[in-house]
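# Notes for the structure review
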Amino acid sequence: MLKEEILTEKAMRILSALGFPEAELSLLFVDDEAMREINLEYRNADKSTNVLAFAMNEGEFSDINPELLGDVVISTETALKEAREWEMNPDVRITQLMVHGILHLVGFDHEKGPDAEAEMEVKSTELVRMLENNEQLAGWLDP
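Residues numbered from 1 in each chain as written. Predicted model: local features only at pLDDT ≥ 70, side-chain atom pairs only at ≥ 80, totals over all residues. Heavy atoms only, no water.

Turning our eyes to something else, we now look at the overall build of the protein chain. Helix and strand counts for the protein chain come out as five helices and three strands. In the protein chain, the succession of helices and strands from N to C terminus is α-β-α-β-β-α-α-α. Restricting the contact set of the protein chain to residue pairs at least 6 apart, pairs at least 24 apart contribute 63%. Counting only carbon and sulfur atoms, one obtains 48% of the accessible surface of the protein chain, whose full area is about 8,600 Å². (Helix = DSSP H or I, 4+ residues; strand = E, 2+ residues; numbered from the N terminus. Contact = heavy atoms within 4.5 Å. Areas by Shrake-Rupley, 256 points an atom, 1.4 Å probe, with all protein chains shown as cover.)

Structure below.
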C-alpha cells in the first residue's frame, strides 16, 4: 500500500522545483486492467502502460483554474513489474513515473523529438536524484 503523506510531499517538492509551488494535480494509482481501460478510452490504445498524464492547461476550458495542472495516472502493477525486471527499488521506479507524469503536465514532451526527449530526461534525472537524497521521503510502499 502506498503512503499518501510521502506521495503528497514528493509531488509538492517536484512542483516547487519546477516553479509551480501553488499548482494542484491529482495522482491516481491503478492496476493494469484499470490502466488499460483508461488508455483505451482516452488514447485509443488497448493496452496497459506505466504512466499517463492528462493536462488541464490544454483545450477549451484550460483557463478555468490555471493552478490545476491535471492528472497523473500510474499503474503500480506495471511499476512493480518493471522494478523487478530492472532489479531496482520499487520506490525509485514509482518516483520516476510520478516525475515523468508531472513533467508532461508542465509542458515537457519527449515525443517532440530528440532534443525535447533529452531535455526531459535531464530534468527527470535531476528531480529523481533530488527526491532520493531526502531520506524522509523514502518508503513509498507499506511493508
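After that view of the structure, there is still more to cover.
Below, the discussion takes up the pattern of salt bridges. Per the counting criterion, the structure on display carries seven salt bridges. Between Lys123 and Glu126 there is a salt bridge, with the nearest N and O atoms lying 3.1 Å from each other. With Lys123 and Glu126 both in helix α5 (residues 114-132) and three residues apart, the pair spans about one turn of that helix. By relative accessible area, which is 44% here, Glu126 ends up partly exposed. (Salt bridge = Lys/Arg side-chain N within 4 Å of Asp/Glu carboxyl O. Buried < 20%, exposed > 50% of the residue type's maximum accessible area, 1.4 Å probe, protein only.)

Turning to helix α3 (residues 76-85), a few remarks are in order. Along α3, the residues classified as buried are Thr76, Thr78, Ala79, Glu82 and Ala83. For α3, the arc enclosing every buried residue in end-on projection is 160°, short of the 170-degree limit, so these residues lie on one face. Structural note: α3 exposes Arg84 and Glu85 on the side pointing more than 90 degrees away from its buried face. Looking at the buried residues of α3, the elements they touch are β1 (24-30), α2 (32-43), β3 (68-75) and α4 (90-105). Downstream of α3 by one or two residues, Glu87 has phi in the positive range, about 50°. (Arc of directions from axis to C-beta.)

This brings us to the UniProt feature "binding site: Zn(2+)" (unreviewed entry) in the protein chain. Annotation from UniProt places "binding site: Zn(2+)" (unreviewed entry) at His100, His104 and His110. Those annotated residues from the list above that line the largest pocket are His100, His104 and His110. Take His100: it is sitting in helix α4. Considering the arrangement of structural elements, one finds His110 in the loop between α4 and α5. Residue His110 is classed as partly exposed on the basis of its relative accessible area of 25%. In this structure the side chain of His110 is engaged in a polar contact, spanning 3.3 Å, whose partner is the side chain of His100. (UniProt positions renumbered as here; feature names shortened; annotations may be inferred. 1 Å grid on protein atoms, 1.4 Å probe; cavity = no way out; pocket = protein on both sides within 12 Å on 5 of 7 lines; lining within 4 Å. Polar contact = N/O pair within 3.5 Å; in protein donor to acceptor, adjacent residues only side chain to side chain.)

Turning our attention to the environment of Leu28. Assignment of secondary structure puts Leu28 in strand β1. Classification of Leu28 by relative accessible area gives partly exposed; the value is 41%. Note: C-alpha distance between Leu28 and Thr76 (48 residues apart in sequence) is 9.7 Å. Filtering out sequence-adjacent residues up to four positions away, Leu28 remains in contact with Ile38, Val72, Val73 and Ile74.

Moving on, we get to the nonpolar core. One finds Ile14, Leu18, Val99, Ile102 and Leu103 to be the most contacted residues of the largest nonpolar core, which totals 23 residues. Mapped onto this core, the elements with two or more residues apiece are α1 (4-17), β3, α4 and α5. For this core, the element with the highest residue contribution is α4, accounting for seven residues. Discounting residues that sit within four places of it in the chain, Ile102 has contacts with Ala11, Ile14, Leu15, Leu18, Leu25 and Val72. With five residues, the next largest nonpolar core counts Val30, Met35, Ile38 and Val73 among its residues. (Core = buried A, V, L, I, M, F, W, Y, C linked by side-chain atoms within 4.5 Å.)

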